[in-house]
Amino acid sequence: MSKNDENKVRVIAVCGSLRPNSTTRKALEIALKGAEESGAETQLIDLREYELIFCDGKEDESGYPPDVARLRNDVRSAHGIIIGTPEYHSSFSGVLKNALDLMSFKEFEGKMIGLLGTSGGSLGAINALNGLRTVGRSLHAWVIPDQISISAAWKAFNADGTFKDAGLENRVRDLGHQVARFSFLHSSEKSLEFLKAWEAAPVNPGAASKSHK
């Protein structure tokens, strides 16, 4: 990936955990390092640092705190998004769900999304990740096939925030690599030219005759 400013992509990570010393946040920081290694600009969105409101579905948002707009702008400015969550009761966290509910297609449509989940138990965070994959599709985002599920996350890290398992660390870094690379390809000028040409292509003349066979 070119590191010229004009070719830079922006990858953010949204941390769906409010815990101090969060293992989800630690894992996301490593994933973002992978994105940086691929030439992306990165930002970690820690929801503890945003004063949000419970999504109430009202059309009048005049009473919303300014951080709702800040969150939307931060996510909207990204080409790729890594979403991380702990698994609670076989789903993703409530604070993450609320943050997602405060956003819309404007923030996610057409973006590349990578998923990462942590769990205190041995079964991992597969249910939370499956739920987020459904949310990503409903927001018309491109959810990459690979995802990270970290079981027994409370004992997965060294004191310096690195993983004890070098193989797991590489997989988490690679998640960041993939989100950055796919985001670059999706937003590159050549890809956009291809998509425009594809949309303007004439209808296959053989399609109608084949449909009658």
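Being a predicted model, the structure only gives us computed values, none of them experimental.

### Concerning the overall build of the protein chain
- Each helix and strand in the protein chain was counted, giving 8 helices and 6 strands.
- By the burial criterion, 44% of the 213 residues in the protein chain qualify as buried.
- Relative to all contacts within the protein chain whose residues are 6 or more apart in sequence, the contacts with residues 24 or more apart total 74%.
- Of the roughly 11800 Å² of accessible surface on the protein chain, a fraction of 53% belongs to carbon and sulfur atoms.

### Things to note about the layout of surface pockets
- Roughly 290 Å³ of volume is contained in the largest pocket.
- Lining the largest pocket are 18 residues, and of these Arg 19, Thr 23, Thr 118, Ala 153 and Trp 154 lie nearest its centre.
- Of all the secondary-structure elements, those providing two or more residues to the lining of the largest pocket are helix 1 (23-37) and strand 3 (80-88).
- Counted by class, the lining of the largest pocket contains 6 nonpolar, 9 polar and 3 charged residues.
- Estimated volume of the second largest pocket: approximately 200 Å³.
- Counting residues per element, the ones that place at least two in the lining of the second largest pocket are helix 2 (66-76) and helix 4 (105-108).
- Counting residues per element, the lining of the second largest pocket draws most heavily on helix 2, which supplies 4 residues.
- Broken down by class, the residue content of the lining of the second largest pocket amounts to 5 nonpolar, 3 polar and 7 charged.

### Looking at helix 2
- Of the residues making up helix 2, those classed as buried are Asp 67, Val 68, Leu 71, Arg 72, Asp 74 and Val 75. Along the axis of helix 2, the buried residues cluster in a sector spanning 165 degrees; they form a single face.

### As for empty space enclosed by the protein
- All chains considered together, the criterion is met by 1 cavity of 30 Å³ or more.
- The calculated volume of the largest cavity comes to roughly 30 Å³.
- Sorting the residues of the lining of the largest cavity by element identifies strand 5 (112-118) and helix 5 (126-138) as the ones contributing at least two each.
- For the lining of the largest cavity, the leading source of residues is helix 5, giving 3 residues.

### Let's talk about the packing of helix 1 against helix 6 (residues 166-187)
- One can describe the packing of helix 1 onto helix 6 by two numbers: an axis separation of 7 Å at closest approach and a directional angle of 50 degrees. When the axis of helix 1 is compared with that of helix 6, the two are oblique. Helix-helix and strand crossings are classified by hand; for helix 1 and helix 6 the assignment is right-handed. Two secondary-structure elements touch here, helix 1 through Ala 27, Ile 30, Ala 31, Lys 33, Gly 34, Ala 35 and Glu 37 and helix 6 through Glu 169, Val 172, Arg 173, Gly 176, His 177 and Ala 180.

### Considerations on the pattern of salt bridges
- This structure, assessed with the given rule, holds 10 salt bridges.
- Residue Arg 72 pairs with Glu 61 through a salt bridge whose shortest N-O separation is 2.8 Å. Here Arg 72, found in helix 2, pairs with Glu 61, found in the loop between strand 2 (41-46) and helix 2; they are 11 residues apart in sequence, far enough to count as distant.
- A relative accessible area of 34% places Glu 61 in the partly exposed class.

### Section: helix 1
- Between its first and last C-alpha, helix 1 extends 22 Å over 15 residues, near the 21 Å set by a 1.5 Å rise per residue.
- Here helix 1 has its buried residues at Thr 24, Lys 26, Ala 27, Leu 28, Ile 30, Ala 31, Leu 32, Gly 34 and Ala 35.
- Residue Ser 22 occupies the N-cap position of helix 1, its side-chain oxygen lying 3.1 Å from the main-chain nitrogen of Thr 24.
- Positioned one or two residues after helix 1, Gly 39 has a phi angle of 100 degrees, which is positive.

About the cut-offs
- Residues numbered from 1 in each chain as written.
- Predicted model: local features only at pLDDT ≥ 70, side-chain atom pairs only at ≥ 80, totals over all residues.
- Heavy atoms only, no water.
- Helix = DSSP H or I, 4+ residues; strand = E, 2+ residues; numbered from the N terminus.
- Buried < 20%, exposed > 50% of the residue type's maximum accessible area, 1.4 Å probe, protein only.
- Contact = heavy atoms within 4.5 Å.
- Areas by Shrake-Rupley, 256 points an atom, 1.4 Å probe, with all protein chains shown as cover.
- 1 Å grid on protein atoms, 1.4 Å probe; cavity = no way out; pocket = protein on both sides within 12 Å on 5 of 7 lines; lining within 4 Å.
- Points joined across faces, edges and corners; volume = space filled by probe spheres on them.
- Nonpolar A, V, L, I, M, F, W, Y, C, P; charged D, E, K, R; others polar.
- Arc of directions from axis to C-beta.
- Axes fitted to C-alpha atoms, helices over the stretch in contact; angles between N-to-C directions.
- Parallel < 35°, antiparallel > 145°, perpendicular 65-115°, else oblique.
- Left-handed = near helix turned anticlockwise from the far one by under 90°.
- Salt bridge = Lys/Arg side-chain N within 4 Å of Asp/Glu carboxyl O.
- Expected span 1.5 Å × (residues − 1).
- Polar contact = N/O pair within 3.5 Å; in protein donor to acceptor, adjacent residues only side chain to side chain.

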